[in-house]
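Residue-level structure breakdown
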Amino acid sequence: MTETTAEAARRTRPATEEIHRTKAEITVDAPAELVYRTLTDVAGWPLLYPWIVHTEIVEQRGTEDLSKFWAVRPGPEGGLRIWQSRRRLHDDTLRMVFEQQGTVGAIRRLGGEWRFIALEGGGCRVESHHWFTTDQDPEITAGELDRHGALQMRTLKAAVEGREQDGPLVLRAECRALLPGTVEDVHARLSAALGQDGTAEETAVFGTADTPHPDGSTGRGRTAHIGRAPHTIVVKHLDPPREFALYRRSWRLAQEADGVRVTAERLAVARPETLAVDPGGERRAELLAWLGQGMEQDLPEGVGHLVG
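Let us look at the structure shown here. (Residues numbered from 1 in each chain as written. Predicted model: local features only at pLDDT ≥ 70, side-chain atom pairs only at ≥ 80, totals over all residues. Heavy atoms only, no water.)

**Topic: the pairing of strand β4 (residues 64–72)**
- Judged by how many residues are buried, β4 sits mostly within the fold: seven of nine residues are covered.
- Sheet analysis places strand β3 (residues 52–61) next to β4, joined by eight bridges and oriented antiparallel. In the sheet register, Thr-55 faces β4, and the bridge partner there is Phe-69.
- If you look at the hairpin formed by β3 and β4, you'll find two residues sitting between the two strands, and Gly-62 has a positive phi there, around 60°.
- Pairing analysis gives nine bridges linking β4 to strand β5 (residues 80–90), with the strands arranged antiparallel. Each bridged residue has a counterpart across the sheet, and for Phe-69 the counterpart in β5 is Trp-83. (Buried < 20%, exposed > 50% of the residue type's maximum accessible area, 1.4 Å probe, protein only. Helix = DSSP H or I, 4+ residues; strand = E, 2+ residues; numbered from the N terminus. Pairing = 2+ DSSP bridges.)

If you want it as structure tokens, here you go:
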């Protein structure tokens, strides 16, 4: 069961400097350390949380890091929300302390702590304690944080408790190629092949694209495109093929002595009903093969402009 509360702790300062607090908690039927590791694994957030498009660790020093997140905004207005958080991990006490960098909408400052507490009867209790300052009515901001916090808790609980049975649903294919040129040139040409500006240091845009489906058909759907010159390109299909709950393509680039190493990846999460009747694993193998074929085609989208 998830519980959320909102309370205000007032100070004799301007409205935007008043500190307000929210709390959420949930019980998870899994070891506290496993749940802690799952939540603090920033690289795994695009797989853990469906609304996350991409994550990066921008800086890291010991147990502290600065992480950047790209997420799809909920609601009819849509759009992308981009933010950075400075985190300190306490592996010994299973705590994560964080503070968001910069403002997002009406929220001027946001920080807090996640705690993972082992329970005597097994499992653990996860608590999130947030503090914030805001330009709007604090009850509105607290309500938004409570709703999102409850969703984040429920998603974390479902992911960890269902990890064993959901493992086969995760499908991943990867291919590498060594291309001539500089990493900046290769990134720009790959981006241009995808219809994006590859010269900008960072891009984050919504678009539409024709998406091939495993059954041979093609559907046009919404996409979120993230470009981080010169090392990363991510395309998340917000209207994935009906076989998948999640479908994402990515390219990682690294300069080497004899060229640019490009790693193309296709990541998908099959819907449970897709593999519900698959005792021999044939359907899963077919979907992996389809991802592999498509992933190999992702490299020629830019290679054709680079070779010869």
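Still more to cover.
**Focus on helix α6 (residues 282–298)**
- The terminal C-alpha atoms of α6, which comprises 17 residues, lie 25 Å apart, in line with the 24 Å expected from a rise of 1.5 Å per residue.
- Those residues of α6 that fall on the buried side of the exposure criterion are Leu-287, Trp-290, Leu-291, Gly-292, Gly-294, Met-295 and Asp-298. (Expected span 1.5 Å × (residues − 1).)

**Things to note about the packing of aromatic side chains**
- What the rule picks out here adds up to nine aromatic pairs.
- On the basis of an interplanar angle of 10° and a centroid distance of 5.0 Å, the ring pair of Phe-69 and Trp-83 is categorised as stacked. In this pair, Phe-69 is assigned in strand β4 and Trp-83 in strand β5, connecting sequence segments 14 residues apart. This pair shows no difference in class: Phe-69 is buried, exactly as Trp-83 is.
- Aromatic pair Phe-244 and Trp-290: ring centres 6.0 Å apart, planes at 40°, arrangement tilted. Highlighted residues: Phe-244 in strand β13 (residues 244–256) and Trp-290 in helix α6, separated in sequence by 46 residues.
- Residue class for Phe-244 comes out buried when judged on its relative accessible area of 0%.
- Look at Trp-290 and you get buried, because its relative accessible area is 14%.
- Among the aromatic side chains, those forming a connected cluster through ring pairs are Trp-45, Tyr-49, Trp-51, Phe-69 and Trp-83.
- The lysine or arginine in question, Arg-81, covers the ring of Trp-83, its NZ or CZ lying 4.2 Å from the ring centre. (Phe/Tyr/Trp six-rings, centres within 6.5 Å; stacked < 30°, edge-to-face > 60°. Lys NZ or Arg CZ within 6 Å of the ring centre and 35° of its normal.)

**Thoughts on the pattern of salt bridges**
- Applying the stated criterion to the full structure yields 28 salt bridges.
- In this structure, Arg-88 engages Glu-64 in a salt bridge whose closest nitrogen and oxygen atoms are separated by 2.0 Å. Here Glu-64 lies in strand β4 and Arg-88 lies in strand β5, a separation of 24 residues in the sequence.
- Given a relative accessible area of 27%, Glu-64 falls into the partly exposed group.
- Between Asp-210 and Arg-220 there is a salt bridge; the shortest N-O distance is 3.0 Å. Taken together, the residues span a long stretch of sequence, with Asp-210 in strand β10 (residues 202–212) and Arg-220 in strand β11 (residues 218–228) at a distance of ten residues. (Salt bridge = Lys/Arg side-chain N within 4 Å of Asp/Glu carboxyl O.)

**Here's the deal with the nonpolar core**
- Ranked by size, the top nonpolar core spans 34 residues in total, and within it Val-35, Phe-116 and Val-126 carry the most contacts.
- Broken down by element, this core gets its largest block of residues, five residues, from helix α3 (residues 138–161).
- The contacts of Val-126, once residues within four sequence positions are left out, are Ala-24, Glu-25, Ile-26, Val-28, Val-35, Trp-114, Arg-115, Phe-116, Met-153 and Leu-156.
- If you look at the next biggest cluster of nonpolar residues, it comprises 29 residues, including Val-269, Leu-275, Trp-290 and Met-295. (Core = buried A, V, L, I, M, F, W, Y, C linked by side-chain atoms within 4.5 Å. Contact = heavy atoms within 4.5 Å.)

**Considerations on the pairing of β11**
- Burial analysis of β11 places eight of its eleven residues in the buried class, which makes it a mostly covered element.
- The turn linking β10 back onto β11 is made up of five residues, and Gly-216 within it adopts a positive phi angle of 95°.
- As judged from the six bridges shared by β11 and strand β12 (residues 232–237), these two strands associate in the antiparallel manner. Bridging from a neighbouring strand, Ile-226 pairs with Val-234 of β12.
- The hairpin turn running from β11 into β12, its antiparallel successor, is three residues long.

**Details of the environment of Met-295**
- Structurally, Met-295 can be placed in helix α6.
- Taking the C-alpha atoms as reference, Met-295 lies 6.0 Å from Arg-266; in sequence the two are 29 residues apart.
- Contact partners of Met-295, with chain neighbours within four places excluded, come to Ala-173, Glu-174, Cys-175, Ala-264, Glu-265 and Arg-266.

**Comments concerning the layout of surface pockets**
- The volume enclosed by the largest pocket comes to roughly 1,000 Å³.
- Within the residue set of the lining of the largest pocket, elements represented by two or more residues are β2 (19–28), β4, β5, β6 (95–101), β7 (107–118), β8 (124–134) and α3.
- By residue number, the principal contributor to the lining of the largest pocket is α3, which donates eight residues. (1 Å grid on protein atoms, 1.4 Å probe; cavity = no way out; pocket = protein on both sides within 12 Å on 5 of 7 lines; lining within 4 Å. Points joined across faces, edges and corners; volume = space filled by probe spheres on them.)

**With respect to the sheet that holds β11**
- Strand order in the open sheet made by the six strands is β9-β14-β13-β12-β11-β10, with antiparallel pairing throughout. The open sheet is flanked by β9 (170–179) and β10, the only strands paired with a single partner. The average undirected angle you get between the axes of adjacent strands in this sheet is 15°.
- Sheet topology places β9 next to strand β14 (residues 259–270); ten bridges connect them, and they run antiparallel. Pairing of Glu-174 across the sheet is with Glu-265, part of β14.
- With respect to the sheet, helix α5 (residues 183–193) is in contact with β9, β11, β12, β13 and β14, its orientation differing from that of β13 by roughly 150°. (Axes fitted to C-alpha atoms, helices over the stretch in contact; angles between N-to-C directions.)

By themselves, these observations are geometric and do not establish any function.
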